[in-house]
Amino acid sequence: MSAVTNPATVAECLRMGAGFSQGDRNWIVEQFGTLDARLAAFHADATELEVSVKDRDARGQKVTLECWIAGRQKIVTTSSEEDLRAALNDARDDLRRRLNDAKTRQEPRHNKHVREIGQPAAEAAPLPDETAVEPQRADAETV
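Values in this document were obtained by computation on a predicted structure and should not be read as measured data.

A. Just the pattern of salt bridges, in detail. Taken as a whole and assessed by the stated rule, the structure comprises 9 salt bridges. Note that E48 is salt-bridged to R15, the shortest N-O span being 2.2 Å. Of this pair, E48 sits in strand β2 (residues 47-54) while R15 sits in strand β1 (residues 14-16), placing them 33 residues apart in sequence. Judged by relative accessible area, which is 37%, E48 ranks as partly exposed. Since its relative accessible area comes to 33%, R15 is described here as partly exposed. Note that R92 is salt-bridged to D93, the shortest N-O span being 3.0 Å. What makes R92 buried here is its relative accessible area of 13%. Owing to a relative accessible area of 23%, D93 belongs among the partly exposed residues under this scheme. Here the salt bridges do not stand alone but share partners, grouping R15, E48 and E50 into one network.

Reading the values: the criteria
Residues numbered from 1 in each chain as written. Predicted model: local features only at pLDDT ≥ 70, side-chain atom pairs only at ≥ 80, totals over all residues. Heavy atoms only, no water. Salt bridge = Lys/Arg side-chain N within 4 Å of Asp/Glu carboxyl O. Helix = DSSP H or I, 4+ residues; strand = E, 2+ residues; numbered from the N terminus. Buried < 20%, exposed > 50% of the residue type's maximum accessible area, 1.4 Å probe, protein only.

Spelled out as structure tokens, the structure:
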């Protein structure tokens, strides 16, 4: 894996959306700190995160965490947990899962499971050399 010269971090990429103030930023960055290891594979200038909450501290609040990484589809995670801290953690964990899934889909050659079981389509189709060799062997055996 090639090293990124300016790795993305939550502290550098996080924007506060509706329902949050800049005063909330520090404790949210702390809550999302575990995302840093996952984001480090991407360039900071090509990565953006935005967290927002609708109906904060009300029954039915909804936390939304959006992630934009250049060259990839936008990832949106939400949580309707009643406790704000739990909702932030739920959205963060879902984002981490989705980033891992997106990486696995994009780079299956690095997925040990895919390497071990092989690709079914590749196993089903015979190689061009095998089809050419089989008739020659049959002819050699009958002669």
